[in-house]
Amino acid sequence: ISDEASFFAHYDILTKRPTDGNIFDPVNYQYMENRNVIISNPNLKPEKTIDYEIGFQQVLSKTSSVKVSAFYKEQRNNVQLMSISNAYPNTYRTYGNQDFGTVKGTTISYDMRRTGNIRMTASYTLQFANGTGSDATTALALVNAGQPNLRNIFPYTYDQRHAFSFVFDYRYGGGSDYNGPKIGDFGVFENTGLNITSNIGSGTPYSRQKTITAAALITEPQSGLDGSLNGSRKDWTFRVDAQLDRNFALEFGSDDEKKKAAYLNVYLRVSNLFNIINTLDVYRSTGNASDDGYLLSAVGQNAVASQLNPGSYGDLYGLKVNNPFNYGIPRTIRLGVKFDF
């Protein structure tokens, strides 16, 4: 609408071949009436995503702008487990194009190009992701229980309601572009920069269960839902990464015509700078990442008392339950060198 503001929109259709349950295996059909197998379906249709987006962008200054956009995605023909009743020689399980869903939301972003020594971007996304299945085995419990192929809308396991992103880069140039401190003719921070990236997100859904079960056992007992499917939320996550790096320009060859340029980058990268403990997964009975509540429950107390060595059993069970994969990475420091030519 002018050289400082514009509307934009796009419409996109993406299709892809199924990645679950589409490889034909004739062995699955052998003695299927006596085996509890899931039979692949090589006749699956491609999964389809239809994407719409509309937005507005406004220039704020010579080097900065703000953008507001709204998006809507339709997901169709998603693969999901289903039961084929009254088939010959008996009812069996297979995959079908049963699932569908929508992802909708809005994003507000601020972009500032290099201004002096600073480059910065920031964004906020509000999203609602709902559908009938988060993956191809969401309906496994229903199918195993002999329930019909029900379809209900609920939040996807990756539905993150709020997401904030912030990138800040402070960098000095080289040669005549250097404006930092000097010792004589030596530029202390020449071709040196600090980059800080921060991501903040609300918790993703999980399904709370009614009773406490032994999640660390090889076969975990099943329990009914406490509330609705994916009706509970994990804690928010917060992470800051930082990188300090410096570029060195190198030249090879003696003659000007044969000289070749190369670049050496030395960097110090710190992931999760503040060593924040971020919870990625929790136990459904407690909502806790390190304890499923079994050892302190009445059933667990009886089970521990019946062991040959109750103390050892409790210690080993606690180690198994405290799964490190339930957490994000701790502070990690890397010192590295990159050579480009």
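These numbers come from a predicted model, not from an experiment.

## Details of the overall build of the protein
- Scanning the protein from terminus to terminus reveals three helices and 16 strands.
- Since a compact globule built from 341 residues should have a radius of gyration of about 20 Å, the 28 Å found for the protein marks it as more spread out than a globular shape.
- Considering only C-alpha atoms, the protein reaches an extent of 85 × 60 × 45 Å along its principal axes.
- Counting over 341 residues, the protein shows a buried share of 31%.

## What to know about the pairing of strand E15 (residues 260-271)
- Looking at chain direction, strand E14 (residues 237-252) and E15 are connected through 11 bridges and run antiparallel. Pairing of Asp-245 across the sheet is with Tyr-267, part of E15.
- Direction of pairing for E15 relative to strand E16 (residues 332-340): antiparallel, over a ladder of nine bridges. Across the sheet, the residue bridging to Leu-268 is Leu-335, located in E16.

## Details of the pattern of salt bridges
- In total, this model carries 11 salt bridges according to the counting rule given.
- In this structure, the salt-bridge partner of Arg-161 is Asp-159, at a minimum N-O distance of 3.0 Å.
- Between Lys-234 and Asp-281 there is a salt bridge, with its nearest N and O atoms 3.8 Å apart. Pair noted here: Lys-234 is in the loop between strand E13 (232-233) and E14 and Asp-281 is in the loop between E15 and helix H2 (298-305), with a separation of 47 residues, a long-range link.

## Considering the packing of aromatic side chains
- A complete count under the given rule lists 12 aromatic pairs for this structure.
- Aromatic pair Tyr-172 and Phe-189: ring centres 6.0 Å apart, planes at 15°, arrangement stacked. Residue Tyr-172 is found in the loop between strand E8 (162-171) and strand E9 (182-183), and its partner Phe-189 is found in the loop between strand E10 (186-187) and strand E11 (192-201); the two are separated by 17 residues along the sequence.
- On the numbers, 6.2 Å between centres and 25° between planes, the contact of Tyr-313 with Tyr-317 is stacked. You can see Tyr-313 and its partner Tyr-317 sitting in helix H3 (residues 310-321), four residues apart, about one turn around the helix.
- Joined through ring pairs, the aromatic side chains of Tyr-170, Tyr-172, Tyr-178 and Phe-189 make up one cluster.
- Above the plane of the ring of Phe-8 lies Lys-67, whose end atom (NZ or CZ) is 5.6 Å from the centre.

The rules behind each value
Residues numbered from 1 in each chain as written. Predicted model: local features only at pLDDT ≥ 70, side-chain atom pairs only at ≥ 80, totals over all residues. Heavy atoms only, no water. Helix = DSSP H or I, 4+ residues; strand = E, 2+ residues; numbered from the N terminus. Rg over C-alpha atoms; globule rule 2.2 N^0.38 Å. Buried < 20%, exposed > 50% of the residue type's maximum accessible area, 1.4 Å probe, protein only. Pairing = 2+ DSSP bridges. Salt bridge = Lys/Arg side-chain N within 4 Å of Asp/Glu carboxyl O. Phe/Tyr/Trp six-rings, centres within 6.5 Å; stacked < 30°, edge-to-face > 60°. Lys NZ or Arg CZ within 6 Å of the ring centre and 35° of its normal.

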